[in-house]
Amino acid sequence: MKNNSSNGYLEKCYLEDYPLLEASTVCVIKAALKHNLKVDILDEEKSFIKVSDDEKEEYIYQATKTSKDISTYPFITDNKEFVKTLLRDNNFNTPDGIILEKGLTKRDLEYLTRRFVNKSVVVKPNTTNKGIGITVFEKPVTSKDLLNAIKNAFKHDDKVIVEEFKKGLEYRFLVIGDECVCVLHRRAASIVGDGKTSINNLIKAKNEEPWHKLSGRVITIDDNLIATLKRQKYSLKSIPEKGKRVFVRDNSNCSTGGESIDLTEIVPDEFKRIAVKAAKLFNAKICGVDILIDNFNKFDYSIVELNDNPGIGICECPYEGKGQPIGDYILRLLEFID
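Scoring rules and cut-offs
- Residues numbered from 1 in each chain as written.
- Predicted model: local features only at pLDDT ≥ 70, side-chain atom pairs only at ≥ 80, totals over all residues.
- Heavy atoms only, no water.
- Helix = DSSP H or I, 4+ residues; strand = E, 2+ residues; numbered from the N terminus.
- Rg over C-alpha atoms; globule rule 2.2 N^0.38 Å.
- Buried < 20%, exposed > 50% of the residue type's maximum accessible area, 1.4 Å probe, protein only.
- Contact = heavy atoms within 4.5 Å.
- Areas by Shrake-Rupley, 256 points an atom, 1.4 Å probe, with all protein chains shown as cover.
- Lys, Arg positive; Asp, Glu negative; His and termini not counted.
- Charge placed at Lys NZ, Arg CZ, Asp CG, Glu CD.
- Pairing = 2+ DSSP bridges.
- Axes fitted to C-alpha atoms, helices over the stretch in contact; angles between N-to-C directions.
- Core = buried A, V, L, I, M, F, W, Y, C linked by side-chain atoms within 4.5 Å.
- Salt bridge = Lys/Arg side-chain N within 4 Å of Asp/Glu carboxyl O.

Draft legend 1. Representation of the overall build of the chain within the structure. What the chain contains, in helices and strands, is twelve helices and 14 strands. Against the globule reference of 20 Å for 338 residues, the chain gives a C-alpha radius of gyration of 20 Å, in line with a compact fold. Each principal axis of the C-alpha distribution contributes one length, and for the chain these read about 65 × 50 × 40 Å. Each of the 338 residues in the chain was classed as buried or not, and the buried ones make up 51%. A separation threshold of at least 6 residues defines the contact pool for the chain, and within that pool the share at least 24 residues apart is 67%. Approximately 16,600 Å² of the chain is accessible, and the part contributed by carbon and sulfur atoms is 47%. Between the centroid of the 52 positive side chains of the chain and the centroid of its 52 negative side chains there is a distance of 7 Å.

Okay, structure coming up:
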């Protein structure tokens with residue numbers, strides 16, 4: 001599969017004179033210029049631009065906030081449990097879980113979470129983004145480890161979700177208008193051994209790749225990463241065998257060093273239709289629908305999250321795969337092009 005880790009990112013997602021612009025916004029700008037539209041960069045740091053032609057103008061914030069949005073949509077998607085409740089009420093598959101309020105005693109937490117002990121679970125803040133505060137227990141969790149994960153999640157929000165872990169890989173379905181225009185597998189942050197280099201140095205090398213370095217999607221060495229390695233009986237000094245992929249984080253977010261793999265042409269259309277239906281439930285015009293799928297040959301899925309700011313740069317210029325012309329799709333949504 002084509003790897004875009006070098007020149008591809010520079011070509012599609014980077015403007016040398018405007019290094020603070022989000023990659024997603026750069027994709028829209030380059031698409032607009034390709035179609036001879038006028039672009040004004042109003043606030044580089046916030047990626048706020050204006051696109052116009054002789055007939056009209058559109059203000060675009062971070063590539064995905066446009067005049068087509070309803071004002072409540074971003075606030076709705078920030079509340080993960082509300083999203084899942086609404087999805088369940090409309091017969092979509094989502095993980096079973098509970099929401100915990102800050103201030104509960106240890107005894108209360110043990111009582112409320114007892115059904116999750118010795119099972120595979122995910123713990124996460126209710127409104128966090130970019131994988132912050134999330135702990136994934138793929139193997140059965142002890143009561144002690146579960147409570148510690150809940151304590152960590154409460155550092156980032158006053159409400160915490162504990163839910164069942166669903167088997168499968170996570171895919172980001174990008175819906176624009178009435179169409180699923182891209183499907184990515186977001187591979188969790190990882191390194192591949194060469195039989196002679198330590199994990200610590202492999203992480204450093206990975207972070208120097210343009211796709212990671214220029215976008216800021218680097219792997220940060222912290223307690224969570226060290227704990228993830230320890231569960232696999234590795235340390236930063238370990239030297240993985242040649243060809244061995246070692247995952248250094250549990251969450252699949254690209255913002256914490258993960259990588260996007262374009263599988264748009266491989267994923268069956270029935271899953272894409274589910275993503276479009278989920279986005280329409282929230283009247284979303286640009287929406288990232290995160291779905292766990294274990295087997296493409298079985299119509300079995302679980303929607304884990306909806307995103308109002310799905311980061312289209314990782315679709316236009318994925319780490320692996322050809323990528324999709326997302327800038328064009330957004331300009332089409334805004335009726336600048338046919």
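Draft legend 2. Region of interest: the sheet that holds strand β1 (residues 38-43). Pairing in this open sheet of three strands is antiparallel, and the strands run β1-β2-β3 from one edge to the other. The open sheet has two edge strands with one neighbour each: β1 and β3 (57-61). Direction aside, the axes of adjacent strands within the sheet are offset by 20° on average. In this sheet, strand β2 (residues 48-52) lies alongside β1 in antiparallel orientation, the contact comprising five bridges. Bridging from a neighbouring strand, Lys-38 pairs with Ser-52 of β2.

Draft legend 3. View of the nonpolar core. Val-51, Leu-174, Ile-176, Ile-326, Ile-330 and Leu-331 are the most contacted members of the largest nonpolar core, which totals 38 residues. For this core, the secondary structure elements donating two or more residues are α1 (7-13), α2 (23-34), β2, β8 (169-176), β9 (179-187), α11 (313-316) and α12 (326-333). Per-element tally for this core: the top contributor is α2, with seven residues. Apart from the residues within four sequence positions on either side, Leu-174 is in contact with Glu-179, Cys-180, Val-181, Cys-182, Ile-286, Cys-287, Pro-310, Ile-312, Cys-315 and Ile-326. Formed by 27 residues, the second largest nonpolar core is a distinct cluster that contains Leu-87, Val-175, Ala-275 and Cys-287.

Draft legend 4. A look at the pattern of salt bridges. Within the structure shown, the criterion is met by 22 salt bridges. Asp-158 is the salt-bridge partner of Lys-102, the closest N and O atoms lying 3.9 Å from each other. Placement of the pair is Lys-102 in the loop between β4 (97-101) and α5 (106-112) and Asp-158 in the loop between α6 (143-153) and β7 (159-164), with a sequence separation of 56 residues. A relative accessible area of 48% means that Asp-158 is categorised as partly exposed. Ionic pairing is found between Arg-187 and Glu-259, a salt bridge with its closest N-O pair at 2.7 Å. In this pair, Arg-187 is assigned in strand β9 and Glu-259 in strand β12 (residues 259-262), connecting sequence segments 72 residues apart.

Draft legend 5. Just the sheet that holds β7, in detail. The four strands lie next to each other as β4-β7-β5-β6, forming an open sheet whose pairing is antiparallel. Strands with a single pairing partner mark the edges of an open sheet, and in this sheet they are β4 and β6 (135-137). On average, adjacent strands in this sheet sit at an angle of 15° to one another, irrespective of strand direction.

Draft legend 6. Up close: unusual backbone geometry. If you check the backbone angles, Ser-47 has positive phi at about 55° while not being a glycine. Judged by its relative accessible area of 0%, Ser-47 is buried.

Nothing here speaks to function; it is all geometry.
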